[in-house]
Amino acid sequence: QYQMVLQACAEPYDLSSVGVFPSACIDSELVEDILGQPLDPKQDRNQRKACGCCASIDIGVYNTCMHHCVYCYANSSWDVVKRNKVKHDPDSPLLLGSLRENDHVHDRLMKSLVAKKS
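My aim in this report is to walk through the structure given alongside it, one point at a time. (Residues numbered from 1 in each chain as written. Predicted model: local features only at pLDDT ≥ 70, side-chain atom pairs only at ≥ 80, totals over all residues. Heavy atoms only, no water.)

A few words on the overall build of the chain. Scanning the chain for helices and strands turns up 2 helices and 2 strands. Counting from the amino terminus, helix and strand elements in the chain follow one another as β-β-α-α. For the chain, the C-alpha radius of gyration of 18 Å lies well beyond 13 Å, the compact-globule estimate for 118 residues. Principal axes of the C-alpha set define a box for the chain whose edges measure 55 × 45 × 25 Å. Within the chain, the fraction of its 118 residues that count as buried is 14%. Intrachain contacts of the chain at a sequence separation of at least 6 include 36% that bridge at least 24 residues. Entry remark: accessible area of the chain is about 10600 Å², with carbon and sulfur atoms responsible for 53%. (Helix = DSSP H or I, 4+ residues; strand = E, 2+ residues; numbered from the N terminus. Rg over C-alpha atoms; globule rule 2.2 N^0.38 Å. Buried < 20%, exposed > 50% of the residue type's maximum accessible area, 1.4 Å probe, protein only. Contact = heavy atoms within 4.5 Å. Areas by Shrake-Rupley, 256 points an atom, 1.4 Å probe, with all protein chains shown as cover.)

For the coordinates displayed, the defined rule picks out 1 aromatic pair. Their ring planes at 75 degrees and their centres at 6.4 Å tell us that Tyr62 and Tyr73 sit as a pair that is edge-to-face. Here Tyr62 is found in the loop between helix 1 (28-35) and helix 2 (78-86), whereas its partner Tyr73 is found in the loop between helix 1 and helix 2, with 11 residues between them in sequence. Of the two residues, Tyr62 and Tyr73, neither departs from the other in class, the shared state being exposed. (Phe/Tyr/Trp six-rings, centres within 6.5 Å; stacked < 30°, edge-to-face > 60°.)

A few words now on helix 1. If you check the start of helix 1, you find a side-chain oxygen 2.9 Å away from the backbone N of Glu29, and it comes from Asp27. Positive backbone phi, approximately 75 degrees, marks Gly36, located one or two places after helix 1. (Polar contact = N/O pair within 3.5 Å; in protein donor to acceptor, adjacent residues only side chain to side chain.)

Turning our eyes to something else, we now look at a nonpolar patch on the surface. Together, Ile59, Val61 and Leu95 line one region of the surface with nonpolar side chains, adding up to about 290 Å² of accessible area. Counting through the fold element by element, Ile59 comes out in the loop between helix 1 and helix 2. (Patch = residues over 30% accessible without salt bridge, like charges linked within 9 Å, V, L, I, M, F, W, Y side chains within 5 Å. Salt bridge = Lys/Arg side-chain N within 4 Å of Asp/Glu carboxyl O.)

As a further point, take the layout of surface pockets. Of the voids in this model, the largest pocket is the one considered here, and its volume is about 1300 Å³. In terms of lining residues, the largest pocket is bounded by 40 residues, among which Ile26, Asp44, Ser56, Ile57 and Asp58 are the most central. The class makeup of the residues in the lining of the largest pocket is 22 nonpolar, 9 polar and 9 charged. (1 Å grid on protein atoms, 1.4 Å probe; cavity = no way out; pocket = protein on both sides within 12 Å on 5 of 7 lines; lining within 4 Å. Points joined across faces, edges and corners; volume = space filled by probe spheres on them. Nonpolar A, V, L, I, M, F, W, Y, C, P; charged D, E, K, R; others polar.)

This next bit is on the environment of Gly52. The topology assignment puts Gly52 in the loop between helix 1 and helix 2. Its relative accessible area of 44% is what places Gly52 among the partly exposed residues. Along the chain, Gly52 and Ser28 lie 24 residues apart, while their C-alpha atoms are 9.2 Å from each other. Leaving out residues up to four positions away in the same chain, Gly52 has contacts with Cys9, Ala10, Ser23, Ala24 and Ile26.

Position of Ser77 relative to the elements: it lies in the loop between helix 1 and helix 2. Separated by 30 residues in sequence, Ser77 and Gln47 have C-alpha atoms that sit 24 Å apart.

Below, the structure written as structure tokens:
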């Protein structure tokens, strides 16, 4: 009725016969479409074996999204989300809160997944 396609990521079974198709939460083909350029994606080694996601770095913070989607894995408590909203500092380099005197910031090496032109 709504022309929706049911998809699942990290599902080790072939469920296509019942209308559930393999997918990826971090879908390299979708990212390529958004960027308008090809990627040379690597599988995310930190996920389950059947996971179809490409390697990525999550820059989010749990319990901070105000959209309150019922199915979201990133929010465990609406009360915690509301408490965290108060901690937001738009002048801070952090997504939540501010750097404190004893905090340490480390650079993280991230290699581009954009395909090299040959």
